[in-house]
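So you can see what is in the structure, the chains are spelled out below.
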Amino acid sequence: MTTEQRREARVGRAVTWSLLALMAVFAVGQLELWPMTAFRLFSTTRSADQTRLELVAEHLDGTDEPLLVSERNPVLVTTDRQFPDLVGESEEVQRDLVLAWLSVSGVDPVSVGSVRLDRIARAYDVDTHTWTDVGRTTIVVVDL
Amino acid sequence: MRGLWSRVDDRLVAPGPGFRLAEVQILLAVVIALRLATRDWTLIAERPAALRDGLTVMSWYTGTPAPWALVAVQVVGLVCAVLVVAQRRPHLAFVGLWIAYTSLTALWGSSGKVMHNDVLTVLVGAVFLFASGPPRDGWSDLRVRYGWPPRAALAVLATAYVVSGAQKLVHSGPEWVFSDNMTWVLRLGLSANLSGGVTPVAQDAAHLVAEHGWLSASLAGGALLLELTAPLWLAVRRTRVLFVVSVALMHGSIWLFIGLDYSAWVLTAAAVAVPMSLAPDRALFRMPVSAVGAPRR
């Protein structure tokens, strides 16, 4: 190898092994700093015991309205992964989050007294191939 | 062990023909351009700042970008892609393309869920931030600098798949295959549209697979085996195309059955592994050129 080739090989080794080492660190440490990731794609097993979370606007007139977080916008749909965060947040942050979800769901907050987060147990019907809600527990209520 | 390590290292930095680096770089640019062109990035602007979540390379920016700014980044990225394909300042253009793509996908995915759809393309593309392609009259030159980037891309590809498989074993063990896990993955996927997901195309087929435990377990076993053996498939030149076909079948069935779009993974695997499956003296885009001495690996 010439000096030039040795230099090019050093760059190649440095880039390749650094990138692979970084990927290994994120995998072993279960770290997420996108695009570095632990690559946990479907890594946990699924079973028949299923629950889902639902935000429900409680209107001042006594009616309830489940919040459909802008189904046409994939960027907004995945914000439902933040529903569990509501529980541990301060009242101020809870209020900010809930107002944001009301906004993207097209619900006027003026008509809403509070928003609650429900955990819904679901059961699968093998004959009809459908999931039905079988129980509902309120986890947190955010007053507006 | 030391001998094996040394052989792997020697193969990584062996000289390679300039056209191979250019081919992989161009194909990756086409994949990224497709991803950039086929999404409405202005949807990011509809997300209130309060709903930004998740750590990404764009977490330093806490505002909500204006739609025109998102379109501007998209256009810059697409112009850079054209320059890479035309091989006009390809290295600089690829860096611009990668930055535009990574920025937009990081912002897109900052909603609380770790999005893996584009992550493989971004990571494989990262190799080419450090790779200088050949001049126009040097495509058949054999250099160390042209040899390692496509091989590094193969290594990143293999690592991504093997880590994905390993995480399933770490977090679920053999149960991931040998329980009714895949049955419930399919049944949950079929109801994903309830929470805003995409309605799967092959719903009847998915029901059929879910109802037959041995079929869904075979599907899970095949997917896990493919992921864990990715380095073996990709280490051997003649099995690289088979790997691309296999991942196309795996990700294709996921899309058909539960509506998750991992086409970027398939296209990225193809962009790297198809050119790297050719004999070292055989170019993908042009007539065979002489590359005497190219390692036949």
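Thresholds applied
- Residues numbered from 1 in each chain as written.
- Chains lettered and ligands numbered in written order.
- Predicted model: local features only at pLDDT ≥ 70, side-chain atom pairs only at ≥ 80, totals over all residues.
- Heavy atoms only, no water.
- Helix = DSSP H or I, 4+ residues; strand = E, 2+ residues; numbered from the N terminus.
- Rg over C-alpha atoms; globule rule 2.2 N^0.38 Å.
- Buried < 20%, exposed > 50% of the residue type's maximum accessible area, 1.4 Å probe, protein only.
- Contact = heavy atoms within 4.5 Å.
- Areas by Shrake-Rupley, 256 points an atom, 1.4 Å probe, with all protein chains shown as cover.
- Lys, Arg positive; Asp, Glu negative; His and termini not counted.
- Charge placed at Lys NZ, Arg CZ, Asp CG, Glu CD.
- Pairing = 2+ DSSP bridges.
- 1 Å grid on protein atoms, 1.4 Å probe; cavity = no way out; pocket = protein on both sides within 12 Å on 5 of 7 lines; lining within 4 Å.
- Points joined across faces, edges and corners; volume = space filled by probe spheres on them.
- pLDDT = per-residue confidence, 0-100.
- Buried area = accessible area lost by both parts, 1.4 Å probe.
- Polar contact = N/O pair within 3.5 Å; in protein donor to acceptor, adjacent residues only side chain to side chain.
- Nonpolar A, V, L, I, M, F, W, Y, C, P; charged D, E, K, R; others polar.
- Axes fitted to C-alpha atoms, helices over the stretch in contact; angles between N-to-C directions.
- Phe/Tyr/Trp six-rings, centres within 6.5 Å; stacked < 30°, edge-to-face > 60°.

1. Side note on the overall build of chain B
Phase 1 of the analysis: When helices and strands are tallied, chain B shows 13 helices and 2 strands.
Phase 2 of the analysis: By the compact-globule yardstick of 19 Å for 297 residues, chain B fits well, its C-alpha radius of gyration being 21 Å.
Phase 3 of the analysis: Along the longest, intermediate and shortest principal axes, the C-alpha atoms of chain B span 55 × 50 × 35 Å.
Phase 4 of the analysis: Per-residue burial for chain B yields a buried fraction of 52% across its 297 residues.
Phase 5 of the analysis: Considering only contacts within chain B whose residues lie at least 6 apart along the sequence, 77% involve residues at least 24 apart.
Phase 6 of the analysis: Of the accessible surface of chain B, which amounts to about 12,600 Å², a share of 67% is contributed by carbon and sulfur atoms.
Phase 7 of the analysis: Averaging the locations of the 24 positively and 16 negatively charged side chains of chain B gives two centres separated by 11 Å.

2. Re the pairing of strand β4 (residues 130-143) of chain A
Residue and element names in this part refer to chain A.
Phase 1 of the analysis: Strand direction decides the pairing type here: strand β3 (residues 112-125) and β4, joined by 12 bridges, are antiparallel. Within β4, the position partnered with Asp 125 by the bridge is Thr 130.
Phase 2 of the analysis: Adjacent in sequence and paired antiparallel, β3 and β4 are bridged by 4 residues, among which His 129 carries a positive phi angle near 55°.

3. Remarks on the layout of surface pockets
Residue and element names in this part refer to chain B.
Phase 1 of the analysis: What the second largest pocket holds in volume is close to 750 Å³.
Phase 2 of the analysis: Contributing to the lining of the second largest pocket are 31 residues, with Arg 11, Arg 151, Leu 234, Ala 235 and Arg 240 lying nearest its centre.
Phase 3 of the analysis: Sorting elements by how many residues they give to the lining of the second largest pocket places helix α6 (residues 144-172) first, with 9 residues.

4. Here's the deal with unusual backbone geometry
Residues and elements named next belong to chain A.
Phase 1 of the analysis: The omega angle of the peptide bond from Trp 34 to Pro 35 is 10°, so this bond is cis rather than trans.
Phase 2 of the analysis: Relative to the assigned elements, Pro 35 resides in the loop between α1 (3-28) and β1 (50-59).
Phase 3 of the analysis: In this structure, Gln 30 is a non-glycine residue whose phi angle is positive, near 55°.
Phase 4 of the analysis: Here Gln 30 shows up in the loop between α1 and β1.

5. Regarding the confidence of the model for chain B
Phase 1 of the analysis: Summing up the model confidence of chain B, the mean pLDDT is 92 and the portion of residues at 70 or higher is 94%.
Phase 2 of the analysis: Within the model, the stretch residues 288-297 of chain B combines pLDDT values under 50 with 27 contacts to residues more than four positions away or in other chains.

6. Remarks on the side chain of Ser216(B)
Phase 1 of the analysis: Its place among the elements puts Ser216(B) in helix α10 (residues 213-228).
Phase 2 of the analysis: Setting aside chain neighbours within four positions, we find Ser216(B) in contact with Met182(B), Thr183(B), Leu186(B) and Val209(B).

7. Comments concerning the interface of chain A and chain B
Phase 1 of the analysis: The partner chain B presents 69 residues to the 57 residues of chain A that form the contact.
Phase 2 of the analysis: Regarding the contact of chain A and chain B, the summed buried area is about 5,700 Å², with carbon and sulfur atoms giving 69% of it.
Phase 3 of the analysis: The interface formed by chain A and chain B includes 27 residue pairs in polar contact (both at pLDDT 80 or more).
Phase 4 of the analysis: Listed by contribution, the elements that provide at least two residues to the side of chain A that touches chain B are α1, α2 (74-77), α3 (91-104) and β3 of chain A.
Phase 5 of the analysis: Broken down by element, the residue count for the side of chain A that touches chain B peaks at 14 residues, all from α1(A).
Phase 6 of the analysis: For the side of chain A that touches chain B, the residue count by class is 29 nonpolar, 15 polar and 13 charged.

8. Quick look at the sheet that holds β4(A)
All names here are of chain A.
Phase 1 of the analysis: Taken together, the 4 strands give an open sheet; going across it, the order is β2-β1-β3-β4, and neighbouring strands pair in antiparallel fashion. Two strands in the sheet have a free side with no partner beyond their single neighbour: β2 (64-66) and β4. In this sheet, neighbouring strand axes are inclined to one another by 35° on average, regardless of whether the strands run parallel or antiparallel.
Phase 2 of the analysis: The sheet contact formed by β1 and β3 spans 10 bridges and is antiparallel. The partner of Glu 58 across the bridge, within β3, is Ser 114.

9. Quick notes on the packing of aromatic side chains
Phase 1 of the analysis: Under the definition given, this model contains 13 aromatic pairs over all chains.
Phase 2 of the analysis: Consider the rings of Tyr124(A) and Trp184(B), whose centres lie 5.8 Å apart with planes at 85°: the pair is edge-to-face. In this pair, Tyr124(A) sits in strand β3 while Trp184(B) sits in helix α8 (residues 181-190), so the two residues belong to two different chains. Accessibility assignment for this pair places Tyr124(A) and Trp184(B) in one class, buried.
Phase 3 of the analysis: Judged by centre distance (6.4 Å) and plane angle (55°), the rings of Trp233(B) and Phe243(B) are tilted. With Trp233(B) in helix α11 (residues 230-235) and Phe243(B) in helix α12 (residues 240-258), this pair connects stretches of sequence that are 10 residues apart.
Phase 4 of the analysis: Look at Trp233(B) and you get partly exposed, because its relative accessible area is 25%.

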